[in-house]
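Residues per chain are reported as follows:
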Amino acid sequence: AIKAEARDLNFFYSNGARALKGITMPLYENKITALIGPSGCGKSTFLRCFNRMHDLYPGNKYQGEIVMHPDNTNVLDSGVDPIEVRMRISMVFQKPNPFPKSIYENVAYGLRVRGENNKRIMDDKVEEALKGAALWNEVKDRLHDLAFNLSGGQQQRLCIARALATDPEIMLFDEPTSALDPIATANIEELMVELRSKLTILVVTHNMQQAARVSDYTAYMYLGELIEYDDTDKIFTNP
Ligand code: ADP
Ligand code: ADP
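Quick summary incoming for the structure in this document. Fair warning: this is a prediction, and the values are worked out from it, not measured in the lab. (Residues numbered from 1 in each chain as written. Chains lettered and ligands numbered in written order. Predicted model: local features only at pLDDT ≥ 70, side-chain atom pairs only at ≥ 80, totals over all residues. Heavy atoms only, no water.)

## Quick notes on the site of ligand 1
Taken together, the residues surrounding ligand 1 are Tyr13, Asn15, Ala19, Pro38, Ser39, Gly40, Cys41, Gly42, Lys43, Ser44 and Thr45. One nitrogen or oxygen atom from the side chain of tyrosine 13 is found 3.5 Å from a nitrogen atom belonging to ligand 1. In this structure, cysteine 41 approaches ligand 1 through a main-chain N or O atom, which is 3.2 Å from an oxygen atom. In isolation ligand 1 offers 560 Å² of accessible surface; the protein chains occlude 58% of this area. Element by element, the count of residues in the shell around ligand 1 is highest for helix H1 (residues 43–50), at 3 residues. Split by residue class, the shell around ligand 1 holds 4 nonpolar, 6 polar and 1 charged. (Near = heavy atom within 4 Å. Polar contact = N/O pair within 3.5 Å; in protein donor to acceptor, adjacent residues only side chain to side chain. Areas by Shrake-Rupley, 256 points an atom, 1.4 Å probe, with all protein chains shown as cover. Helix = DSSP H or I, 4+ residues; strand = E, 2+ residues; numbered from the N terminus. Nonpolar A, V, L, I, M, F, W, Y, C, P; charged D, E, K, R; others polar.)

Structure (structure tokens):
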């Protein structure tokens, strides 16, 4: 089933630059879609539409729709609260970016934004999210340590736990392993494949082997356009 789809999506930066040109693309439920293409082709710009990140800068403009199923919410609709959108569609960035807070508070963040303040419920959710990010065993005895004391790979899994805490339906990964060593990279790839059974994933990557290893579908962008979209197997066996 289709979980979300961009429909004739155009995006203009505040300086007038048209960074996305009529993108129409599905995201299939419980699948991983890899987004590839040369630097500057619009991959990050596309990702940032899904969680309304561009709203943070005045003058940026969307045209077209990103529709979620089954409820048919257009996440770009100005009547839809971007905070709500970010609970349903959460983002993991290239560089791990935990808040300058404890491990626990990093994961609890989205729950607090949502208004949750029951300690039992928070504790359970924090544990569940850390387990979901394959980090629980490493941090369960140091939940009140600062997040910055973790290794880079652990910090990235913490950011994944933070994203998981609000039970998102879609997770966006923007080059999630390019700042990590090979072992941490393998851990994150394995984690994405595990998370796929629970949610829908869109991952931007420079790394073709990574796209081939983890994704079900591959989309290729060039100069703001979607040039190719197909089963990953087909993309990587065609010359
Ligand atoms: P990618 O993620 O594929 O490297 P981006 O989405 O970052 O590409 O960039 C797409 C295009 O939008 C590029 O031409 C880039 O220069 C331009 N761009 C990115 N950020 C901004 C911005 N804040 N203001 C104006 N243009 C931007
Ligand atoms: P950098 O240029 O080092 O990435 P910036 O502070 O310029 O750092 O921007 C941080 C992030 O926010 C960048 O990834 C950039 O693409 C994004 N960004 C900056 N300006 C805009 C804008 N006007 N609209 C959307 N995203 C923006």
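Resuming the write-up.
## Points about the pairing of strand S2 (residues 18–28)
Judged from the 7 bridges that link them, strand S1 (residues 2–12) and S2 form a sheet pairing that is antiparallel. By the bridge assignment for S2, leucine 9 is matched with isoleucine 23. The antiparallel hairpin formed by S1 and S2 contains 5 residues in its connecting segment, where glycine 16 sits at a positive phi of about 95 degrees. (Pairing = 2+ DSSP bridges.)

## Concerning the packing of helix H3 (residues 103–113) against helix H6 (residues 152–164)
The contact between H3 and H6 brings their axes to 6 Å, and the two run at 35 degrees. Between H3, through Ile103, Asn106 and Val107, and H6, the contact on the second element is made entirely by Leu158, Ala161 and Arg162. Classifying every residue of the contact of H3 with H6 gives 4 nonpolar, 1 polar and 1 charged. (Axes fitted to C-alpha atoms, helices over the stretch in contact; angles between N-to-C directions. Contact = heavy atoms within 4.5 Å.)

## Topic: unusual backbone geometry
Note that the residue after histidine 69, namely proline 70, is joined by a cis bond; omega there is 5 degrees. As for its position among the elements, proline 70 is in the loop between strand S4 (61–68) and strand S5 (73–74). Phi angles above zero are rare outside glycine, and aspartate 8 is one such case at about 45 degrees. When you line up the elements, aspartate 8 lands in strand S1. Of note, the phi angle at asparagine 30 is positive, near 60 degrees, even though the residue is not glycine. Structurally, the position occupied by asparagine 30 is in the loop between S2 and strand S3 (32–36).

## Some thoughts on the packing of aromatic side chains
Applying the stated criterion to the full structure yields 6 aromatic pairs. Aromatic pair phenylalanine 46 and phenylalanine 50: ring centres 5.1 Å apart, planes at 85 degrees, arrangement edge-to-face. Taken as a pair, phenylalanine 46 and phenylalanine 50 lie in helix H1 at a separation of 4 residues, close to a single helical turn. The exposure class of phenylalanine 46 is buried, given its relative accessible area of 0%. An aromatic cluster is built from Phe11, Tyr13 and Tyr62, whose rings are joined through pairwise contacts. Seen from the ring of phenylalanine 12, lysine 61 lies directly overhead, with NZ or CZ sitting 5.4 Å from the centre. For arginine 162, the ring lying beneath its charged end belongs to phenylalanine 99, and the centroid distance is 4.3 Å. (Phe/Tyr/Trp six-rings, centres within 6.5 Å; stacked < 30°, edge-to-face > 60°. Buried < 20%, exposed > 50% of the residue type's maximum accessible area, 1.4 Å probe, protein only. Lys NZ or Arg CZ within 6 Å of the ring centre and 35° of its normal.)

## Considerations on the site of ligand 2
For ligand 2, the full set of nearby residues is Tyr13, Arg48, His54, Tyr57 and Asn60. Separating an oxygen atom of ligand 2 from a side-chain N or O atom of arginine 48 is a distance of 3.3 Å. Within the side chain of asparagine 60, an N or O atom sits 2.7 Å from a nitrogen atom of ligand 2. Taken by itself ligand 2 offers 530 Å² of open surface, and the protein chains cover 38% of this. A breakdown of the residues in the shell around ligand 2 according to their chemical character gives 2 nonpolar, 2 polar and 1 charged.

It is worth stressing that arrangement in space is one thing and function is another; only the former is reported here.
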